[in-house]
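Listed below, chain by chain, are the residues.
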Amino acid sequence: MADRDGITDVVTNVEYEGPLWERIREIFAPATVIRVATGDLDGLKQAMDRADVAILAELPAPEEIKGRRLEWVHITHAGLDRVARPEILERGIRLSGSAGYSVETLAEHALFFMLALSCRAMDLFDSQRRGAWEKSGRQHLRSLYKQTVGIVGLGHIGKALAVRCEAMGMNVLGFRRRDGEAVPGVHEIYCEERGGSLGDMLARSDYVVLAVPLTNATHGMIGAAELALMKPTAHLVNIARGNVIDEPALIRALETARIAGAGLDVFAQEPLPAESPLWRLPNVIVTPHTSPREPDRDERAVELIAENYRRFLAGEPLKNELTAGSIYTA
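All figures in this text were calculated on a predicted structure; none of them were measured in a lab. (Residues numbered from 1 in each chain as written. Predicted model: local features only at pLDDT ≥ 70, side-chain atom pairs only at ≥ 80, totals over all residues. Heavy atoms only, no water.)

A. View of the sheet that holds strand β8 (residues 188–191). On the basis of which strands lie adjacent, the open sheet formed by seven strands has the order β8-β7-β6-β9-β10-β11-β12 and parallel pairing. Of all strands in the sheet, those bounded by a partner on one side alone are β8 and β12 (284–286). Ignoring which end each strand starts from, the neighbouring axes of this sheet average 15 degrees apart. Judged from the three bridges that link them, strand β11 (residues 261–264) and β12 form a sheet pairing that is parallel. Residue Ala262 lies in a different strand from β12, and its bridge partner there is Val284. Strands in contact with helix α4 (residues 103–119) are β6 (148–152), β9 (207–210), β10 (235–238), β11 and β12; relative to β10, the strand with the most contacts, it is inclined by about 155 degrees. (Pairing = 2+ DSSP bridges. Helix = DSSP H or I, 4+ residues; strand = E, 2+ residues; numbered from the N terminus. Axes fitted to C-alpha atoms, helices over the stretch in contact; angles between N-to-C directions. Contact = heavy atoms within 4.5 Å.)

B. Expanded view of the UniProt feature "domain: D-isomer specific 2-hydroxyacid dehydrogenase NAD-binding" (unreviewed entry) in the protein. As annotated in UniProt, the feature "domain: D-isomer specific 2-hydroxyacid dehydrogenase NAD-binding" (unreviewed entry) corresponds to residues 112–291 in the numbering used here. End-to-end, the C-alpha atoms of residues 112–291 are 10 Å apart, and along that stretch the chain is 29% helix and 17% strand. (UniProt positions renumbered as here; feature names shortened; annotations may be inferred.)

C. Up close: the packing of α4 against helix α6 (residues 156–167). The N-to-C vectors of α4 and α6 enclose an angle of 55 degrees; their axes lie 8 Å apart at closest approach. Here α4 is positioned oblique relative to α6, judged by the angle of their axes. As for the relative orientation of α4 and α6, their crossing is right-handed in sense. Taking contact as the criterion, the partners of Val103, Glu104, Leu106, Ala107, Glu108, Ala110, Leu111 and Met114 in α4 are, on α6, His156, Ile157, Ala160, Leu161, Arg164 and Cys165. Looking at the contact of α4 with α6, its residues break down into ten nonpolar, one polar and three charged. (Parallel < 35°, antiparallel > 145°, perpendicular 65-115°, else oblique. Left-handed = near helix turned anticlockwise from the far one by under 90°. Nonpolar A, V, L, I, M, F, W, Y, C, P; charged D, E, K, R; others polar.)

D. View of the packing of helix α1 (residues 18–28) against helix α10 (residues 297–314). It is at 10 Å that the axes of α1 and α10 come closest, and there the two elements cross at 5 degrees. As the angle between them shows, α1 and α10 are arranged roughly parallel. On α10, the residues touching Leu20, Arg23, Ile24, Ile27 and Phe28 of α1 are Asp298, Glu299, Val302, Glu303, Ile305, Ala306 and Tyr309. Of the residues that constitute the contact of α1 with α10, the class distribution is eight nonpolar, no polar and four charged.

Structural data, given as structure tokens:
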């Protein structure tokens, strides 16, 4: 177990200023907080070699996350998949992330996709640009009310989305791998550990929202077989990571109207290549892995660091800590 007297040097490349920077220094006092400029990966590597703790916004390569005294690294990003390698655990370094610090806006982003798809917003925008008063085919559209949404992953984002979907009168289903407590807003849970089937949930859903972390277990979890189980009228929304989906299989399903459409914020390759058919498919909405910011997002991120430092010193599990189950090497 670490103790406060044993932590002497903390390195960071976060760009917080003013009260947020002072709060970082306060959290780790009396340790020295060494600040490395954004983009100075060589300087960061050297500083990590003599630091006990690293708080990182810009990430080095996984093989560079090491140091003679380094015990804990916290990443100020939600996902750890870029650095979630087994060698981190083998080096005895504890690694944590900031999942949950912008959960509301990501839940809203999923709802944006769902509403835009249900209204065929892209058609409306096109008509507006052309000055055309067009209603043809709109009698076939359906509101989200009484529709069924299947949320894949009931972590921070899935939970926030569930209560919002329930408030809109939707039937809310959820899928998770491990058993756990009931989730507010979720009417039925398909739990793999208890024999629940993802495929059964997909077959019932009018909207499928992916909100899982990218790990070896979730890589490619939505492929041709899973897409074939969805209703032809169903829409897929991905606010997780691009590699959770078999992207070529998704493109085929969209091109052949196997599913009705998709809202995609994340992709197997980012930026999404200009030649990708996803840019031009009429039943797809693309956003560039970005969403609005909550007004207190950075404050939340800093307080998560404070709580994890308390846990680190106490030898307790960290929030959003890398475990063997969250390794990503695919």
